[in-house]
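Letter by letter, the chains look like this.
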Amino acid sequence: MNYKTILWITAALILVLGIALNGILAHRSSEEYRLVSQKSESGWVYHIYRKNQLLIRQNTIPGIADNKAFETKEDAEKIGKIVIDRLQSKTTPSISKEDLKQHDISF
């Protein structure tokens, strides 16, 4: 093999290893947080765990003054997933009324 062939093979291997490592790290960070929704007496709530430790216990709809639970499991999970996305992107995980309206959450 000549020098150019070895260089191309090396570059291709580095590229493939980089893509694989990126996929592994992305998978790992997505598993870092876990969302659990559950039925409560007043509706639906969600909990967010990080590395199996409770991080957020959301028993009421965030961003509103009322102490009201989510009406549906889907609503609780929508907002819980947004919070996780924000945590993963290292932004403030707070939820506003606009977030609730944008995602058709009844409050």
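As shown above, the structure is provided for reference.
Residues numbered from 1 in each chain as written. Predicted model: local features only at pLDDT ≥ 70, side-chain atom pairs only at ≥ 80, totals over all residues. Heavy atoms only, no water.

(A) Fine view of the pairing of strand E1 (residues 33-39). Here seven bridges tie E1 to strand E2 (residues 44-50), and the two strands are oriented antiparallel to one another. For Gln38, the partnering residue across the bridge sits in E2 and is Val45. Counted between consecutive antiparallel strands, the loop separating E1 from E2 contains four residues, among which Gly43 sits at a positive phi close to 155 degrees. (Pairing = 2+ DSSP bridges. Helix = DSSP H or I, 4+ residues; strand = E, 2+ residues; numbered from the N terminus.)

(B) Representation of a nonpolar patch on the surface within the structure. Judged by side-chain polarity, Met1, Ile6 and Ile9 come together as a nonpolar surface patch covering roughly 340 Å² of accessible area. Among the secondary structure elements, Ile9 is positioned in helix H1 (residues 3-32). (Patch = residues over 30% accessible without salt bridge, like charges linked within 9 Å, V, L, I, M, F, W, Y side chains within 5 Å. Areas by Shrake-Rupley, 256 points an atom, 1.4 Å probe, with all protein chains shown as cover. Salt bridge = Lys/Arg side-chain N within 4 Å of Asp/Glu carboxyl O.)

(C) Broad picture of the pairing of strand E3 (residues 53-58). In terms of strand pairing, E2 meets E3 through five bridges, oriented antiparallel. Bridging across to E3, Arg50 finds its partner in Gln53. What sits between the antiparallel neighbours E2 and E3 is a turn of two residues, in which Lys51 has the positive phi angle 50 degrees.

(D) Representation of the sheet that holds E3 within the structure. Overall, antiparallel pairing links the three strands, which are arranged E1-E2-E3 in an open sheet. If you trace the sheet from one side to the other, it starts and ends with E1 and E3, each paired once. Ignoring which end each strand starts from, the neighbouring axes of this sheet average 25 degrees apart. Most of the contacts of helix H2 (residues 73-88) go to E2, to which it runs at about 25 degrees, and overall it touches E1, E2 and E3. (Axes fitted to C-alpha atoms, helices over the stretch in contact; angles between N-to-C directions. Contact = heavy atoms within 4.5 Å.)

(E) Local environment of the pattern of salt bridges. Tallying each qualifying case throughout the model produces four salt bridges. Among the ionic pairs, Glu32 bridges to Arg50, the shortest N-O distance being 2.7 Å. Highlighted residues: Glu32 in helix H1 and Arg50 in strand E2, separated in sequence by 18 residues. The class of Glu32 is partly exposed, set by a relative accessible area of 21%. Using a relative accessible area of 35% as the deciding quantity, one classes Arg50 as partly exposed. Among the ionic pairs, Glu71 bridges to Lys68, the shortest N-O distance being 3.9 Å. Under the relative-accessibility criterion, Glu71 is labelled partly exposed at 48%. We classify Lys68 as partly exposed; its relative accessible area is 26%. (Buried < 20%, exposed > 50% of the residue type's maximum accessible area, 1.4 Å probe, protein only.)

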